[in-house]
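Analysis of the macromolecular model
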Number of protein chains: 2
Amino acid sequence: MPLPSRVTDLTSFDLLRSVAELGSIGRAAQAHGMSQPSASERLKTLEGRVGVTLLERTSRGARLTTSGQLVAGWAAQVLARAADLDAGITSLRADRQSHLRVAASLTVAEYLLPAWLIALRSVSPDTATVLSAGNSVHVAEQVLAQKADLGFVESTDVPQGLASRVVAHDELVLVVAPDHPWARRRRVTAAKAAATPLVSRESGSGTRQAWEQALTSAGITESAGPLLEMSSTTAIKAAAIGGIGPAVLSLHTVAADVAARTLVRVEVGEVDLHRALRAVWPSGRTPRGPASDLLTIATRSLTDRADRR
Amino acid sequence: MPLPSRVTDLTSFDLLRSVAELGSIGRAAQAHGMSQPSASERLKTLEGRVGVTLLERTSRGARLTTSGQLVAGWAAQVLARAADLDAGITSLRADRQSHLRVAASLTVAEYLLPAWLIALRSVSPDTATVLSAGNSVHVAEQVLAQKADLGFVESTDVPQGLASRVVAHDELVLVVAPDHPWARRRRVTAAKAAATPLVSRESGSGTRQAWEQALTSAGITESAGPLLEMSSTTAIKAAAIGGIGPAVLSLHTVAADVAARTLVRVEVGEVDLHRALRAVWPSGRTPRGPASDLLTIATRSLTDRADRR
DNA sequence: ATGTGCACATAGGCTGTCCCTATGCCTCTG
DNA sequence: CAGAGGCATAGGGACAGCCTATGTGCACAT
């Protein structure tokens, strides 16, 4: 199901946000490098799409109506994530030969790095970051070969020659569609989970390895083969949501779906599915400059969580 | 600063997500109701904008590259929030005369309701919801006059004639720009905070009333007038980020900025800034049907938070 | 009162984007 | 070796969006 076209054009919502900040359509237009009539028309068609009046236009400027405030608030969430996306994309482009090279596992790159990059930008605006994403082995290689200044991995065991610091935590979770039998019980035994074919990544992926390792550690040697192998997290989620079968994914990956009830988390008994996410760097070469800044930012996000109620 | 144009068109990212799910450009095109060549071209221009190859095209379909998985993951966050936005917008339109009428304070409507509405849709897909947002008095009026089936308020005291249940918590927080003197100390006394002019909403807004009441409860009678009054939360945040001065806002409002370090939270000594968010309905008329479902969903989100580590 | 300034709306014309159909090319498979 | 499935390219047409120029309404000052 594609996204409704009502919300696909972020420019108009961004413009609305600017009007809220600047108090006038004309100034918002200026901030966006467009003419005042264009902005005026855009906002009018936006109101048409939304179906309610968003702006109270006066000869002294424009203010948001109550509905306008709501829409602007919801839109702000979208725009914030879009800013993350943009920061991520920037880090993928290797066009400027930057001076902070980061290697990270997919989980870290997907869920934590964009916010760190934005924070880093406010500390040292001129640092362009280049990201190389891959599995733990890839990250270790990049860091050891000094092709990356800093790495982030989700292994429990840190490769030889690397120093590390825990920067965040992750957890594998077993999820099922809401109408799956397990959804009501919210808990299965490790043996039962192991004996059930799952929707999973291809063998060799970090998530799948971690799951199998966790089962082995719990003393479970036999486990069923996968029900279906898919190449991307998104595809696995879609399959699980569609009711194909249970899936094991990173908590970060499914948090939104669990909150929205499109997936239900099922506890797995007696298995430690927790894993630390670590920053890594070559032993003895303490990160300096931007790498050090990024390390600080990453570490700080850990203490912050504890700050909060 | 407007959003970069690279990320303003969500359609292309949505299409990318579909390719990840369905395994082929053609099927993704079909799912979006467009022709295969259009999808192919869109994805190509998307790759051009992003600057890296996102898809591995084979004669058997298309798969995401590692970069493609990252971009798709980041985009999924944006799309999820866009879905919230869409759900919110739908609730603002009164075009279908729906049968679930909800009145909510701005804080609840902005930060909690969209997810609830999406969850509700999966429970009873045919329920269209109409939202009326306003302050606590407005909500109480709507509910008492039976113009709303369910209300959500952030007052500490529930109006006469209404039954209530706590569904979430909120907290007022004092925030300053990172270069503000208070940012280093991370804590000020209540008296000092009260004596400092703040950027705030116009008098009469729920947030401002709550702040003044909290100070009064802490035995502080004198407080400085506002430094600057602005009509929208967004504008206040922009002013605070710009370093105009400290601001008091809902935790939900600033959580993202605090995480991204564009704002710094400052603890205020000896003042209780916590407030419960409550669902309200007419005493003796227990919600039934969709209203009851929504109440369940809202309550459930409270217990969930405790579930998480 | 009346003029002036500011802000938004409307009009007209143009450019560019985006989409569709038709077709070509490649690869895997039977 | 032929057919099917999948993606890319080509060409043409529709429409959305932007710009400049101008109109309209309100507030405030003289």
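Residues numbered from 1 in each chain as written. Chains lettered and ligands numbered in written order. Predicted model: local features only at pLDDT ≥ 70, side-chain atom pairs only at ≥ 80, totals over all residues. Heavy atoms only, no water.

1. A closer look at the protein's contact with DNA strand C
Applicable threshold: Summary of the distance rule: residues count as near a molecule or strand when at least one heavy atom falls within 4 Å of that molecule or strand. Pairs of N or O atoms within 3.5 Å make up the polar contacts considered here, provided that, within protein, one atom can donate a hydrogen while the other can accept it, and that residues adjacent in sequence are counted only when both atoms are side-chain atoms. The way it works is that DSSP assigns letters per residue, a run of H or I at least four long becomes a helix, a run of E at least two long becomes a strand, and they are numbered from the N terminus. Ten residue types, Ala, Val, Leu, Ile, Met, Phe, Trp, Tyr, Cys and Pro, are classed as nonpolar, four, Asp, Glu, Lys and Arg, as charged, and the remainder, Gly among them, as polar.
Residues in close proximity to DNA strand C total 22 residues, the closest being Ile25(A), Ser40(A), Arg57(A), Ser38(B) and Arg42(B). By atom count, sugar and phosphate contribute 76% of the portion of DNA strand C lying within 4 Å of the protein. Here Lys44(A) contributes a side-chain N or O atom positioned 2.8 Å from a phosphate oxygen of DNA strand C. Interatomic distance of 2.3 Å between a side-chain N/O atom of Arg42(B) and a phosphate oxygen of DNA strand C. Counting residues per element, the ones that place at least two in the surface near DNA strand C are helix 2 (25–31), helix 3 (36–50), strand 1 (55–58) and strand 2 (61–64) of chain A together with helix 3 (36–50) of chain B. With four residues, helix 3 of chain A is the single largest residue contributor to the surface near DNA strand C. Its residues assigned to classes, the surface near DNA strand C shows five nonpolar, 11 polar and six charged.

2. Side note on the interface of chain B and chain A
Spelled out, the test is: The contact rule is simple, with two residues in contact once any of their heavy atoms fall within 4.5 Å. Put simply, buried area is the surface a 1.4 Å probe can reach on two separate parts but cannot reach once they are joined, added for both. Any carboxyl oxygen of Asp or Glu that lies within 4 Å of a side-chain nitrogen of Lys or Arg is treated as forming a salt bridge with it.
With 73 residues of chain B at the contact, the number on the chain A side is 71 residues. Together, the buried faces of chain B and chain A total about 6,600 Å²; carbon and sulfur atoms form 63% of this surface. By the criterion of area lost to chain A, the three top residues of chain B are Trp74(B), Leu85(B) and Arg261(B), representing 11% of everything that side buries. Remark: the boundary between chain B and chain A carries two salt bridges. Here Arg6(A) makes a salt bridge to Asp86(B), at a shortest N to O gap of 2.7 Å. Linking chain B to chain A there are 16 residue pairs in polar contact (both at pLDDT 80 or more). The dominant element in the side of chain B that touches chain A, judged by the number of residues it contributes, is helix 4 (residues 66–92) of chain B, at 21 residues. For the side of chain B that touches chain A, a count of residues per class yields 35 nonpolar, 17 polar and 21 charged.

3. As for the packing of aromatic side chains
Residue and element names in this part refer to chain A. Inclusion rule: Centres within 6.5 Å make a pair out of two Phe, Tyr or Trp rings, where for Trp the six-membered ring is used; the pair is then stacked when the planes are under 30 degrees apart, edge-to-face when over 60, and tilted otherwise. A simple rule labels every residue: compare its accessible area, found with a 1.4 Å probe on the protein chains alone, to the largest value its type can have, and call it buried under 20%, exposed over 50%, or partly exposed in between.
For the structure shown, the criterion picks out two aromatic pairs over all chains. Taken together, a centroid distance of 5.0 Å and an interplanar angle of 45° make the contact between Trp 116 and Phe 152 tilted. Placement of Trp 116 in helix 6 (residues 113–123) and of Phe 152 in strand 5 (residues 150–153) is noted, with a sequence separation of 36 residues between them. Take Trp 116: its relative accessible area is 4%, and that puts it in the buried class. For Phe 152, a relative accessible area of 0% gives the class buried.

4. Describing the pattern of salt bridges
Residues and elements named next belong to chain A. This structure, assessed with the given rule, holds 28 salt bridges over all chains. Glu 21 is the partner of Arg 17 in a salt bridge, and the nearest nitrogen-oxygen pair spans 3.0 Å. Taken together, the positions of Arg 17 and Glu 21, both in helix 1 (residues 10–22) and four residues apart, correspond to about one turn of that helix. Assessed through its relative accessible area of 30%, Glu 21 is described here as partly exposed.

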